[in-house]
Amino acid sequence: MLPFASPTVEPYITAHFVLAIDGLAAVNFSKCTGLAGEVNVEEYQEGGENRFAHRFPSRASFPHLVLSQGAGPLQELWSWFYEFHVTGVVVPRDGTVVLMSTVDGALAPVRVWAFTRGWPAKLTGPDLDAQSSAVAIESIEIAHHGLLLKQVI
């Protein structure tokens, strides 16, 4: 083995994950997108320096988390979304998306992304079609103020 080579590590399977939001029941979803962040770049063109423009980091931005699941009896996310329509205010909540994988033969958390001050920006109910036997899928988009990959103990 080469001295600089690392041992082969199997990547995690993305089939099991849970959304946990402060004050709401944890929910299993079938799909999650938006676990990303980006730092915008500002360019500054210095007078007399024609070889390049200076680049500086400016604001960080994060896309909405978009989670999809089969529609079931749990209605807490709909109630959270509906708060704004009733009161004109929505209470932002912190939460986590937890990726679960098999570790030593048991399902355990292997990655935890924490978001801050999240609120439901969009909720989509299932498409209903009497000629289809597909699962009724609903989705929620959560706007938030940032993601942090937490250390799993």
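Residues numbered from 1 in each chain as written. Predicted model: local features only at pLDDT ≥ 70, side-chain atom pairs only at ≥ 80, totals over all residues. Heavy atoms only, no water.

- The protein is annotated in an unreviewed UniProt entry as Phage tail protein of Actinoplanes campanulatus.

### A look at the overall build of the protein
1) Next: Broken down by element type, the protein carries 1 helix and 10 strands.
2) Next: N-terminal to C-terminal, the α/β element order of the protein is β-β-β-β-β-β-α-β-β-β-β.
3) Next: By the compact-globule yardstick of 15 Å for 153 residues, the protein is too spread out, its C-alpha radius of gyration being 21 Å.
4) Next: In terms of its C-alpha atoms, the protein occupies a principal-axis envelope of roughly 65 × 55 × 35 Å.
5) Next: Split into buried and exposed, the 153 residues of the protein put 27% on the buried side.
6) Next: Considering only contacts within the protein whose residues lie at least 6 apart along the sequence, 62% involve residues at least 24 apart. (Helix = DSSP H or I, 4+ residues; strand = E, 2+ residues; numbered from the N terminus. Rg over C-alpha atoms; globule rule 2.2 N^0.38 Å. Buried < 20%, exposed > 50% of the residue type's maximum accessible area, 1.4 Å probe, protein only. Contact = heavy atoms within 4.5 Å.)

### Some remarks on the environment of Phe84
1) Next: Checked against the element boundaries, Phe84 lands in helix H1 (residues 76-87).
2) Next: Separated by 37 residues in the primary sequence, Phe84 and Ala121 place their C-alpha atoms 10.0 Å from one another.
3) Next: Each residue touching Phe84, except ones within four places of it in the same chain, is listed here: Val89 and Val90.

### Some points on the nonpolar core
Side chains that are nonpolar tend, in soluble globular proteins, to be buried together.
1) Next: Ranked by internal contacts, the top residues of the largest apolar core, which has 21 residues, are Leu19, Ile21, Phe29, Leu67 and Ile142.
2) Next: Here this core gets 4 residues from one element, more than from any other, and that element is strand S8 (residues 106-124). (Core = buried A, V, L, I, M, F, W, Y, C linked by side-chain atoms within 4.5 Å.)

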